[in-house]
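Fold and geometry: a report
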Amino acid sequence: MDETLFCVPNPNHACRKGEGVYLTASYRPEQVKTTRDPAIGHPEGYRIRIQHGEITVESAAPAGEFYAFQTLRQMMHGARALPELCLCDEPVFPYRGFMIDCARHFFTVDELKKMIDAAALYKLNKFHWHLTDDQGWRIQIDSFPLLTQIGSRRAGSHFNREKNTGEEYGGFYTKDQIREIVDYCTQRFIEVIPEIDIPGHTSAAIAAYPHLSCTQEAIPVRICGGIFRDILCAGRESTYDFVFRVLDEVIELFPSKRIHIGGDEAPKDRWNKCPHCRAAMEREHITDAEGLQGYFMNRVIDYLTAKGVRATVWNDALKSGNLKNGATVQMWMDRGGYSVRRANRGGQVVVSDFSHYYMDYPYGLTPLEKTYNYRPLVPELTFAGEKNILGVEGELWTEHVPDFARLCYQAYPRFAAIAETGWTRAERKNIYNFERRFQKSIPLLEEIGVTPAPLGEWSPRGLAGRLGAARFFLRSINADTVKNQLDIK
Ligand code: ACM
Ligand code: ZN
């Protein structure tokens with residue numbers, strides 16, 4: 001079988017029926033015959049037959065049909081002819097995500113649509129939309145207008161140590177724009193999972209409403225990266241009232257039955273000193289501030305559960321030891337192995353290991369091959385635990401991604417590599433073959449308006465890759481490029 005005929009992700013079963021060339025690439029999508037076949041058994045699965053001068057697509061559900069067309073689109077693009085074949089396909093993981101951080105830098109609706117089109121081409125099916133952080137609040141919330149009036153604007157941008165732009169930077173999505181993105185994704189079988197990051201990474205919210213923090217003191221929307229000590233007060237009822245009212249509006253906007261509530265990088269300095277937080281710990285018989293975070297997250301998880309919504313949290317929230325079972329955990333940096341233990345005990349986990357799946361890192365540090373070859377089913381998982389790995393997600397943090405061209409450069413080909421891990425069985429994966437298939441898809445990606453990083457950047461063997469690694473190493477000695485647990489401000 002000539003794999004170069006095929007697409008990214010590599011389909012799971014394909015057999016060539018004969019040597020004949022039956023169709024030219026002038027065959028148009030309208031000429032494809034589509035039928036439903038419940039026997040296919042997977043809502044995202046499909047069968048393509050190219051036989052007797054015809055293309056037939058069979059699927060059990062509309063998503064499968066959509067994916068069949070993505071496969072055909074890639075196969076036909078630039079091909080002079082297609083061989084007679086039968087191709088049966090379905091994904092290995094139900095969750096194949098991409099995250100874009102729109103807080104550190106803001107991306108327009110049109111730019112996001114291009115990223116969504118690109119994701120759909122590679123059969124990604126979850127858009128994790130990081131909407132709030134220390135450097136900006138990006139979602140309109142009617143009950144708290146200052147979140148966008150104050151919280152969406154910062155006085156400069158100082159993510160690289162050398163220079164602060166000194167220019168006001170801002171932006172947010174109106175509710176109409178959010179609905180537009182949600183509709184756009186729905187048409188492409190992509191679920192949008194919004195993230196409202198709490199109780200840490202909330203400087204922008206506190207800048208707008210200082211009463212939300214333990215000290216209640218005014219702070220700015222942050223202009224640089226890092227981890228900040230001012231977080232939401234977990235001891236005052238007014239904080240929970242705020243969070244619940246924000247989430248009510250988020251639930252109304254997003255049809256997804258999943259909301260990400262963060263839980264990462266929340267320093268406990270303020271909570272340990274705050275009389276309200278200490279009183280809450282005493283009342284709830286909680287012995288330390290990590291336990292208080294568990295209490296905080298659990299109240300929010302319960303609130304969402306009562307509304308039929310499942311919460312996702314970053315793995316940091318597991319440190320409390322008392323996190324409710326219903327929440328899905330997103331594993332990014334888990335030195336304690338909490339996420340694997342959670343999966344082995346029945347909890348859902350999404351894998352986003354930072355050293356492989358953080359797309360903001362330079363290619364010199366995280367070469368394509370490293371991302372591509374990462375196996376989300378780590379050996380410590382039991383057989384039952386493996387079943388609880390929902391899938392994979394690539395994270396595109398944007399402290400160092402100031403514009404759309406850079407976003408595309410960091411994202412591709414990496415998102416496509418993660419898409420293949422999420423879709424294709426491990427034994428059908430091969431980095432060299434992937435690189436060829438990805439290159440074949442580049443004209444389609446560029447038609448969408450997404451320009452990937454140039455070929456020379458992907459590989460640690462390439463000169464650009466090696467120079468990138470050296471540059472990165474020198475910079476990271478004294479920089480916040482790598483997420484650093486100790487970089488607390
Ligand atoms: C994270 O990178 N703080 C989830
Ligand atoms: Zn407090």
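Residues numbered from 1 in each chain as written. Chains lettered and ligands numbered in written order. Predicted model: local features only at pLDDT ≥ 70, side-chain atom pairs only at ≥ 80, totals over all residues. Heavy atoms only, no water.

On the protein side, the zinc ion (ligand 2) has Cys-214 (SG), Cys-233 (SG), Cys-274 (SG) and Cys-277 (SG) as donor atoms, found 2.3 to 2.4 Å from it. Considering all 4 donor atoms around the zinc ion (ligand 2), the spread of angles at the metal, 105 to 114°, places the coordination shape in the tetrahedral class. Sequence positions of the residues that donate to the zinc ion (ligand 2) give the spacing C-x18-C-x40-C-x2-C. Remark: Cys-274 occurs in the loop between helix 7 (269-273) and helix 8 (275-283) and Cys-233 occurs in the loop between helix 5 (203-208) and helix 6 (237-253); sequence separation between them is 41 residues. Each member of the pair, Cys-233 as well as Cys-274, is classed as buried. (Donors = N, O, S within 2.8 Å, 3.2 Å for Na, K, Ca; no water. Tetrahedral: all angles 85-135°; square planar, octahedral: opposite > 155°, others 65-115°. Helix = DSSP H or I, 4+ residues; strand = E, 2+ residues; numbered from the N terminus. Buried < 20%, exposed > 50% of the residue type's maximum accessible area, 1.4 Å probe, protein only.)

In a beta sheet, neighbouring strands pair by backbone hydrogen bonds and run either parallel or antiparallel. With parallel pairing, the 8 strands of this closed barrel are ordered in space as 6-7-12-13-14-15-16-17. When the angles between neighbouring strand axes are averaged without regard to direction, this sheet yields 30°. (Pairing = 2+ DSSP bridges. Axes fitted to C-alpha atoms, helices over the stretch in contact; angles between N-to-C directions.)

Checked against the element boundaries, Lys-175 lands in helix 4 (residues 175-187). Given the relative accessible area of 10%, Lys-175 is considered buried. Distance from Lys-175 to Thr-421, taken between C-alpha atoms, is 34 Å for residues 246 residues apart in sequence. Excluding residues within four positions of it along the chain, Lys-175 makes contact with Gln-140, Asp-142, Glu-249 and Leu-253. Within polar-contact distance, the side chain of Lys-175 engages the side chain of Asp-142 at 3.0 Å. (Contact = heavy atoms within 4.5 Å. Polar contact = N/O pair within 3.5 Å; in protein donor to acceptor, adjacent residues only side chain to side chain.)

Right, let's talk about the pattern of salt bridges for a bit. Scanning the model with the defined rule gives 27 salt bridges in all. In this structure, the salt-bridge partner of Arg-47 is Glu-58, at a minimum N-O distance of 3.3 Å. Of the two residues, Arg-47 is situated in strand 3 (residues 46-51) and Glu-58 in strand 4 (residues 54-59); the sequence distance between them amounts to 11 residues. Residues Arg-47 and Glu-58 agree in their burial class; the two are buried. Residue Arg-179 pairs with Asp-176 through a salt bridge whose shortest N-O separation is 2.9 Å. Taken as a pair, Arg-179 and Asp-176 lie in helix 4 at a separation of 3 residues, close to a single helical turn. Three or more residues are tied together by salt bridges with common partners; here these are Asp-37, Arg-47, Arg-49 and Glu-58. (Salt bridge = Lys/Arg side-chain N within 4 Å of Asp/Glu carboxyl O.)

The next point concerns the side chain of Gln-70. By the secondary structure assignment, Gln-70 is in helix 1 (residues 62-76). Gln-70 gets classed as buried once you look at its relative accessible area, which sits at 5%. Residues in contact with Gln-70, not counting those within four places in the same chain, are Ala-120, Leu-121 and Lys-123.

Moving on to the nonpolar core. Core analysis: the biggest nonpolar cluster contains 142 residues, and Phe-127, Trp-129 and Tyr-412 have the highest contact counts within it. Per element, the largest residue contribution to this core is 9 residues, and it comes from helix 9 (residues 289-306). Ignoring any residue separated from it by four or fewer positions in sequence, one finds Phe-127 in contact with Phe-98, Ile-100, Leu-112, Ile-116, Ile-181, Cys-185, Ile-190, Glu-191, Val-192 and Ile-193. Residues Trp-314, Trp-332, Phe-354 and Trp-397 belong to the second largest nonpolar core, which totals 8 residues. (Core = buried A, V, L, I, M, F, W, Y, C linked by side-chain atoms within 4.5 Å.)

This part takes up the pairing of strand 7 (residues 126-130). Most of strand 7 sits out of view: 5 of its 5 residues are buried. Going residue by residue along strand 7, you find Lys-126, His-128 and His-130 tucked away on one face and Phe-127 and Trp-129 tucked away on the opposite face as well. Traced from strand 6 (residues 95-101) through helix 2 (residues 109-121) to strand 7, the parallel crossover comes out right-handed. Where strand 7 lies against strand 12 (residues 191-198), 5 bridges are found, and the strand directions are parallel. Within the sheet, the bridge partner assigned to His-130 lies in strand 12 and is Glu-195. (Right-handed = clockwise from strand over helix to strand, strands pointing away.)

For the rest of this paragraph, the subject is the state of the cysteines. What makes a disulfide is a covalent bond joining the sulfur atoms belonging to two cysteines. Counted by the stated rule, this structure contains 0 disulfides. Note on Cys-185: no disulfide assigned, nearest cysteine sulfur contributed by Cys-102 at a separation of 11 Å. (Disulfide = S-S within 2.5 Å.)

Attention shifts here to the pairing of strand 5 (residues 81-89). Most of strand 5 is tucked away: 7 of the 9 residues are buried. Alignment of strand 3 against strand 5, held across 5 bridges, turns out to be antiparallel. Within strand 5, the position partnered with Arg-47 by the bridge is Cys-88.

So, on to the packing of aromatic side chains. All told, the structure shown has 33 aromatic pairs when counted by the stated rule. Judged by centre distance (6.4 Å) and plane angle (45°), the ring pair of Tyr-240 and Phe-244 falls under tilted. Note that Tyr-240 and Phe-244 are positioned in helix 6 at a spacing of 4 residues, about one turn of the helix. Residue class for Tyr-240 comes out buried when judged on its relative accessible area of 1%. Residue Phe-244 is classed as buried on the basis of its relative accessible area of 15%. Just above the ring of Trp-423 sits the side chain of Lys-123; from NZ or CZ to the centre is 5.4 Å. (Phe/Tyr/Trp six-rings, centres within 6.5 Å; stacked < 30°, edge-to-face > 60°. Lys NZ or Arg CZ within 6 Å of the ring centre and 35° of its normal.)

Here we come to helix 6. Over its 17 residues, helix 6 extends 25 Å from the first C-alpha to the last, a length consistent with the 24 Å expected when each residue adds 1.5 Å. Within the span of helix 6, buried status applies to Thr-239, Tyr-240, Phe-242, Val-243, Phe-244, Val-246, Leu-247, Glu-249, Val-250 and Leu-253. (Expected span 1.5 Å × (residues − 1).)

Moving on, we get to the packing of helix 2 against helix 4. Interaxial distance between helix 2 and helix 4 falls to 10 Å at its minimum, and their mutual angle equals 15°. The pairing of helix 2 with helix 4 is recorded here as roughly parallel in orientation. Of the two elements, helix 2 crosses helix 4, and the hand of that crossing is right-handed. Between helix 2, through Val-109, Leu-112, Lys-113, Ile-116 and Asp-117, and helix 4, the contact on the second element is made entirely by Gln-177, Glu-180, Ile-181, Tyr-184 and Cys-185. Looking at the contact of helix 2 with helix 4, its residues break down into 6 nonpolar, 1 polar and 3 charged. (Parallel < 35°, antiparallel > 145°, perpendicular 65-115°, else oblique. Left-handed = near helix turned anticlockwise from the far one by under 90°. Nonpolar A, V, L, I, M, F, W, Y, C, P; charged D, E, K, R; others polar.)

As a further point, take the environment of Glu-290. Here Glu-290 is to be found in helix 9. The exposure class of Glu-290 is partly exposed, given its relative accessible area of 22%. Each C-alpha atom, one on Glu-290 and one on Glu-54, is 61 Å from the other, the two residues being 236 residues apart in sequence. If sequence neighbours within four positions are ignored, Glu-290 has contacts with Lys-268, Lys-319 and Ser-320. A distance of 3.3 Å separates a polar atom in the side chain of Glu-290 from a polar atom in the side chain of Lys-268.

Everything listed here is a matter of geometry and, on its own, says nothing about what the molecule does.
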